[in-house]
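Commentary on secondary and tertiary structure
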Amino acid sequence: MTDKDYQAPATEAVEDGLVIEGVDDETIESNRRLFEGWVFWGVMALAVIFSGFHLYTLNIAPLETWTFRIIHIAGALILGFLLFSGTRFSADDETQKRWTSIAAGVLMLPALFALYQTGAMAQMMANGAMRIAPAVEANLYGWPLMVATFGGIVLSWFHRGRRSAFSWPDLQLVICTIAAASYFLLMYNTPLRMSTGTSFAPIGISFAAVAGIAVIMELTRRVAGLALVVIACIFLVYVFAGPYLPGFLGYPGLSVQRFFSQVYTDAGVLGPTTAVSSTYIILFIIFAAFLQASKVGDYFVNFAFAVAGRARGGPAKVAIFASGLMGMINGTSAGNVVSTGSLTIPLMKKVGYSKKSSGAVEAAASTGGQIMPPIMGAGAFIMAEITGIPYTEIAIAALIPAILYFASVYFMVDFEAAKLGMRGMKEDEIPRFRKLVKQVYLFAPIIILIVALFMGYSVIRAGTLATVSAAVVSWISPHKMGIRSILKALELAGIMSIQIIAVCACAGVIVGVISLTGVGARFSSLLLGLAETSQLLALIFAMLISILLGMGMPTTAAYAVAASVVAPGLISLGIDPLTAHFFVFYFAVVSAITPPVALASYAAAGISGANAMETSTASFKIGLAAFIVPFMFFYNGALLMNADWFAIGRALVTATFGVYLLSGGVMGWFMRLAANWPVRLMLILAAFLMIEGGIITDLGGLAIAVAVIFIQKARGGRLAPQA
């Protein structure tokens, strides 16, 4: 969207409180197929069944854990290959390459044969066979599956076809997915599971695991980009190259069969990341889809406009409020940017923000949505799964850090607006607050979710109640959800879940490598060695590794990988597990605005039209508090509610004042005056002293802040605005 695309809303729309519409509209990716006719209805039915299956099994009839997780991953893979092409569709999607379809048709034969052989082997086991001969598993199942899987993946990279039609290579990958999943479901009985990782493990497990990992990585590439796939491949290479590496990276080694027979278990792909995606994440995706279907996202953004639109630099402050609200129902920083930024960025440019600044503000605000309780981009659920700490404790602990982050971004935006002499939005450009207050009941599903959690309901039950309440609340709103809307919400949830399930499964491969090779323990020993020199140095090193591992990845995968590598090392330093995991989580989140690979900043730059790297640098500056807050956890546990109420209150007040001073120092504006470099350095020093949390440091920071106030008053007058 450009400035020319923006038009002031009509007066009638303002009176109804409906300035903004379309926030909840579904985003269509460049490689997404758009089916028509019976094909559309068929795929829609699959998506509805997939979502409904999870609601049914989570609330009514639970399945055996591994069976449930295998079906969970396989269902997402099948939907993913049906909906997402291996290449982007061009404007002329009529161009086709017949040779890829012909080759895929030929390779369909070994795929179907492998699928048939799975059933045949399962029948042999049912008839009393103790195990299948390795030669039979390898020659009649394994190798045909390998040829079909890798051949289908390669063909899908070259295939071109109509956007409204299936592709033969992708249909072939669907069959390969079913063949791999069927082996695990039909052959993976308890005795065979106990043999994984030993020389007694059936060779078919390894073949099915290789095929399963290959299709997981291919779908991850299609829906989330190459970053996570490349990192996963590096870890897989490490499994077999590790014995030849020097220093702490070396380890005794694993054979191909031993590794692959274990990696598709709860030690890897079916481990903590899939455990969370198959329960909490899928449930809250369904909840978010119901909120979208009832147009709650539109209401959130309109509410933000009504609250903050009149303030100076109004659209930027709207972006902060809207992104915080949308972050509660949106699982990725980049997705948050797309949903709210397409509205707020053009408005920011209209009131005087540069392309770079408008994109940077939106990227920083949207990234903050991932640390916003109660949902926190699904990271809170993974944290609860890994640490065993109750979800409610994690959500409470996240509250003050989230306040500090959004307060910092707000102060940064306000100082820049003052420095550039920006105005707020006009009365006829924003919705009327008194109209929106009448629909405040649309917040009810969020409130019900929070109340249910703190009343002691399980996360599954609380999420289900909130989902049902979203449908019920819609009946008294302008966007009533009938049967058709509910089915549409379930379809949308099925499609929305594809990316996060693929990403979690791919991250599970990395987690499996870490657990099976022991590289995490060796990384912990490295951190311990650094801590002997300086604990702060060890924390900085952990920060850099967390950011590096998170670059280019969605929030959930970034945290899952960093938690496996970095968090155990921090805990070994004597750091409380909650503090250690929050430390890792925050840096995994802010990797979305950290140059050189910053997904949220790149998404914002695409909307604003600014240079991607400049936008990334500017969003890094605006979100600077997020890089300091994790160190605050370590030095002041009260910020994670780990103290008495007086200490918590004092920490909140002093830290908020600290980020206010920090914002003034970074932006070069304080007390209605431009700040020169000596004043800026004094502000930054005072901020760090206030943030540290001790009585003496608080008094020292306060003294410096008072001195800065007197200096600014003595300088007198308003200095010329800086560019």
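Thresholds applied
- Residues numbered from 1 in each chain as written.
- Predicted model: local features only at pLDDT ≥ 70, side-chain atom pairs only at ≥ 80, totals over all residues.
- Heavy atoms only, no water.
- Axes fitted to C-alpha atoms, helices over the stretch in contact; angles between N-to-C directions.
- Helix = DSSP H or I, 4+ residues; strand = E, 2+ residues; numbered from the N terminus.
- Parallel < 35°, antiparallel > 145°, perpendicular 65-115°, else oblique.
- Left-handed = near helix turned anticlockwise from the far one by under 90°.
- Contact = heavy atoms within 4.5 Å.
- Salt bridge = Lys/Arg side-chain N within 4 Å of Asp/Glu carboxyl O.
- Buried < 20%, exposed > 50% of the residue type's maximum accessible area, 1.4 Å probe, protein only.
- 1 Å grid on protein atoms, 1.4 Å probe; cavity = no way out; pocket = protein on both sides within 12 Å on 5 of 7 lines; lining within 4 Å.
- Points joined across faces, edges and corners; volume = space filled by probe spheres on them.
- Disulfide = S-S within 2.5 Å.
- pLDDT = per-residue confidence, 0-100.
- Expected span 1.5 Å × (residues − 1).
- Arc of directions from axis to C-beta.
- Polar contact = N/O pair within 3.5 Å; in protein donor to acceptor, adjacent residues only side chain to side chain.
- Nonpolar A, V, L, I, M, F, W, Y, C, P; charged D, E, K, R; others polar.
- Phe/Tyr/Trp six-rings, centres within 6.5 Å; stacked < 30°, edge-to-face > 60°.
- Lys NZ or Arg CZ within 6 Å of the ring centre and 35° of its normal.
- Core = buried A, V, L, I, M, F, W, Y, C linked by side-chain atoms within 4.5 Å.

1. Concerning the packing of helix α15 (residues 355-368) against helix α29 (residues 612-622)
- Where α15 contacts α29, the two axes come as close as 8 Å, and the packing angle between them is 55°. Comparing their axes, α29 and α15 come out oblique. Handedness of the crossing formed by α15 with α29: right-handed. Two secondary-structure elements touch here, α15 through K356, G359, A360, V361, A363 and A364 and α29 through E614, T615, A618, S619 and I622.

2. Quick word on the pattern of salt bridges
- Applying the stated criterion to the full structure yields seven salt bridges.
- A salt bridge links R222 to E218; the shortest N-O distance between them is 2.8 Å. With R222 and E218 both in helix α8 (residues 203-224), this residue pair falls four residues apart, about one helical turn. Each member of the pair, R222 together with E218, is buried.
- Close ionic contact of E491 with K488 constitutes a salt bridge, the shortest N to O distance being 3.2 Å. Of this pair, E491 and K488 both sit in helix α22 (residues 483-517), three residues apart, which is roughly one turn of the helix.

3. Comments concerning the layout of surface pockets
- Roughly 440 Å³ of internal volume is contained in the second largest pocket.
- As for the second largest pocket, its lining consists of 17 residues, of which I234, F235, L249, V519 and L549 are closest to the centre.
- Listed by contribution, the elements that provide at least two residues to the lining of the second largest pocket are α9 (227-241), α23 (519-533) and α24 (535-550).
- Among the elements that make up the lining of the second largest pocket, the one with the highest residue count is α9 (five residues).

4. Observations regarding the state of the cysteines
- For the structure on display, the rule yields zero disulfides.
- Unpaired in terms of disulfides, C504 finds its nearest cysteine sulfur in C506, a separation of 10 Å.
- Of all cysteine sulfurs in the structure, the one in C233 sits closest to C506, which takes part in no disulfide; the separation is 7.7 Å.
- Assessed through its relative accessible area of 0%, C506 is described here as buried.

5. Here we look at the confidence of the model for the chain
- Residues with a pLDDT of 70 or more make up 92% of the chain, whose mean pLDDT is 84.
- Of the regions scoring below 50 in pLDDT, residues 717-723 engages in 14 contacts with residues more than four places distant in sequence or in other chains.

6. Thoughts on the environment of E393
- Examined against the element boundaries, E393 turns out to sit in helix α17 (residues 391-397).
- Assessed through its relative accessible area of 44%, E393 is described here as partly exposed.
- As a C-alpha pair, E393 and L640 span 247 residues in sequence and 9.5 Å in three-dimensional space.

7. Side note on helix α32 (residues 677-692)
- With 16 residues, α32 extends 23 Å between its outermost C-alpha atoms, agreeing within 8% with the 22 Å of an ideal straight helix rising 1.5 Å per residue.
- All of the buried residues along α32 are V679, R680, L683, A686, A687, M690 and I691. Viewed along the axis of α32, the buried residues span an arc of 130°, placing them on a single side of the element. Away from the buried face of α32 by more than 90 degrees, exposed residues W677, P678 and L681 are located.
- Those residues of α32 that are buried lie in contact with α30 (625-635), α31 (645-667), β1 (669-670) and α33 (695-715).
- Sitting at the amino-terminal end of α32 is N676, which places a side-chain oxygen 3.1 Å from the backbone nitrogen of V679.

8. A short note on the packing of helix α2 (residues 37-59) against helix α11 (residues 272-293)
- Their axes nearest at 10 Å, the elements α2 and α11 cross at an angle of 125°. Relative to α11, α2 is oriented oblique. When you trace α2 past α11, the crossing you get is left-handed. Together, F50, S51, H54, L55 and L58 of α2 and S278, T279, I282, L283 and I286 of α11 make up the contact between the two elements.
- Classifying every residue of the contact of α2 with α11 by side-chain character gives six nonpolar, four polar and no charged.

9. Focus on empty space enclosed by the protein
- Counting across every chain of the model gives four cavities of 30 Å³ or more.
- Empty space within the second largest cavity amounts to approximately 60 Å³.
- I70, I73, A74, L77, T177, A180, A181, F184, G212, V215 and Y264 are the residues that line the second largest cavity.
- When residues of the lining of the second largest cavity are traced back to their parent elements, those giving at least two are α3 (65-83), α6 (168-187) and α8.

10. Remarks on the environment of F50
- Note on placement: F50 falls in helix α2.
- A relative accessible area of 7% means that F50 is categorised as buried.
- Among residues more than four places away in sequence, those in contact with F50 are I71, H72, G75, A76, L79, I282, G494, S497 and I501.

11. A short note on the packing of aromatic side chains
- This structure, assessed with the given rule, holds 30 aromatic pairs.
- Both rings, one in Y559 and one in F585, keep their centres 5.5 Å apart while their planes meet at 90°; by these two values the pair is edge-to-face. Here Y559 is found in helix α25 (residues 555-565), whereas its partner F585 is found in helix α27 (residues 577-590), with 26 residues between them in sequence.
- The interplanar angle of 80° and the centroid separation of 6.1 Å between the aromatic rings of F585 and Y586 together place this pair among those described as edge-to-face.
- With relative accessibility at 0%, the residue F585 sits in the buried group.
- By relative accessible area, which is 1% here, Y586 ends up buried.
- Among the aromatic residues, those joined into a cluster by ring pairs are Y410, F411, F415, F657, Y660 and F670.
- Between the NZ or CZ atom of R680 and the centre of the ring of W677, over which it lies, the distance is 4.3 Å.

12. Regarding unusual backbone geometry
- Residues other than glycine seldom take positive phi values, yet M641 does so here, at roughly 60°.
- Locating M641 in the fold gives a position in the loop between α30 and α31.
- Taking relative accessible area as the criterion, M641 reaches 22% and is therefore assigned partly exposed.

13. Quick word on the side chain of S564
- Secondary-structure assignment places S564 in helix α25.
- For S564, the contacting residues outside a window of four places in its chain are V511, I514 and G520.

14. Notes on the nonpolar core
- Formed by 253 residues in total, the largest nonpolar core has its most connected members in L570 and F582.
- It is α22 that contributes the most residues to this core, 19 residues altogether.

15. Points about helix α20 (residues 444-454)
- Taken residue by residue, α20 has P445, I446, L449, A452 and L453 as its buried positions. The buried residues of α20 occupy an angular sector of 135° when the element is viewed end-on, so they sit on one face.
- Those residues of α20 hidden inside the fold are in contact with α11, α12 (296-308), α17 and α21 (459-474).
- Taken from the residues just after α20, G456 is the one with a positive phi, measuring 100°.

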